[in-house]
Amino acid sequence: LTGYNYYETSNQIISLDKLISEEKLALGVLKDIKTQYQQYQLKVKTKDDRIKTIQDIQVKQLIVPTILKYLQNCQSPLNGLMKFNSVDIAGRNISLSGEAIDKVQTLAFIKDLSDTRAFLNLNPTYDSTDSVRCKYSLTTNYSGPVRGNEIALPITSKSSQATQAAQVVQMINNSSNSTANNPVTNNPVASNNTK
């Protein structure tokens, strides 16, 4: 009887050692997947950083045309009655000078700029000594939106992200299932020892 118990116990220990080895191999696979996933996340972050850089460059390139469009739209109702002599744009800071047929037209232009709500700190100065012509200058800050071009991302990047995420979930589920079905949790050696 003792020899039989020893034989059964030895077989159970061998079986458990085999299962432990299999679990270690599965753990190694999961570690590799985790490393690959971290590398993938790093690539995604690098891609997102590049897209943000491109968008920032686009904003810097489009801010001047955007400001000029606002200025021209406000000038257009007064076309022929006023003109710009100089326009200096540094970032969002604007210095503008010009002349109009009279001060009334200049005030109308300043009001139109203010009504857009895209310009802050409008500081105009006027030189209306000449009743026929009014020279003006102003400084302001542009606070309105700047349209950025949409960057179309490749569909393959999204599909590969979904595929890789599905693979990670599947591996975790397989690992959980193998642990749940593992006889280590129902160790017959332990049950024999309790008898």
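For the structure itself, look to the data block above.
Reading the values: the criteria
- Residues numbered from 1 in each chain as written.
- Predicted model: local features only at pLDDT ≥ 70, side-chain atom pairs only at ≥ 80, totals over all residues.
- Heavy atoms only, no water.
- Pairing = 2+ DSSP bridges.
- Helix = DSSP H or I, 4+ residues; strand = E, 2+ residues; numbered from the N terminus.
- Salt bridge = Lys/Arg side-chain N within 4 Å of Asp/Glu carboxyl O.
- Buried < 20%, exposed > 50% of the residue type's maximum accessible area, 1.4 Å probe, protein only.
- Phe/Tyr/Trp six-rings, centres within 6.5 Å; stacked < 30°, edge-to-face > 60°.
- Core = buried A, V, L, I, M, F, W, Y, C linked by side-chain atoms within 4.5 Å.
- Contact = heavy atoms within 4.5 Å.
- 1 Å grid on protein atoms, 1.4 Å probe; cavity = no way out; pocket = protein on both sides within 12 Å on 5 of 7 lines; lining within 4 Å.
- Points joined across faces, edges and corners; volume = space filled by probe spheres on them.
- Nonpolar A, V, L, I, M, F, W, Y, C, P; charged D, E, K, R; others polar.

Quick look at the pairing of strand E1 (residues 82–90) now. Pairing analysis gives eight bridges linking E1 to strand E2 (residues 93–100), with the strands arranged antiparallel. By the bridge assignment for E2, Ile89 is matched with Ile94. Turn length for the E1-E2 hairpin, with the two strands adjacent in sequence and antiparallel, is two residues, and the turn residue Gly91 shows positive phi of about 70°.

Throughout the structure, instances matching the rule amount to five salt bridges. Asp49 is the partner of Lys45 in a salt bridge, and the nearest nitrogen-oxygen pair spans 3.0 Å. Pair noted here: Lys45 and Asp49 are both in helix H1 (residues 2–75), with a separation of four residues, about one helical turn. The class of Lys45 is partly exposed, set by a relative accessible area of 49%. For Asp115, the salt bridge is made with Lys111, and the minimal N-O distance between the two is 2.8 Å.

Moving on: the packing of aromatic side chains. On inspection of all chains with the given rule, the structure shows five aromatic pairs. A ring pair is formed by Phe109 and Tyr136, whose centres lie 6.1 Å apart and whose planes are at 50°; its orientation type is tilted. Of this pair, Phe109 sits in helix H2 (residues 103–115) while Tyr136 sits in strand E4 (residues 134–142), placing them 27 residues apart in sequence. Both residues of the pair, Phe109 and Tyr136, count as buried. Ring pairing ties together the aromatic residues Tyr70, Phe119 and Tyr142, which thus form one cluster.

Moving on to the nonpolar core. Membership of the largest hydrophobic core comes to 18 residues, with the highest contact counts inside it found for Ile67, Leu71, Phe109, Leu113, Phe119 and Tyr142. Elements with a contribution of two residues or more to this core: H1, E2, H2 and E4. Sort the elements by how many residues they give to this core and H1 lands first, with four residues. Not counting the four nearest positions on each side in its chain, Phe119 is found in contact with Ile67, Tyr70, Leu71, Ile94, Leu113, Thr140, Asn141, Tyr142 and Ser143.

Attention now goes to the layout of surface pockets. Taken as a whole, the largest pocket holds about 160 Å³ of empty space. Taken together, Leu62, Pro65, Thr66, Lys69, Tyr70, Asn73 and Arg147 make up the lining of the largest pocket. Here the lining of the largest pocket is built from residues that sort into three nonpolar, two polar and two charged.

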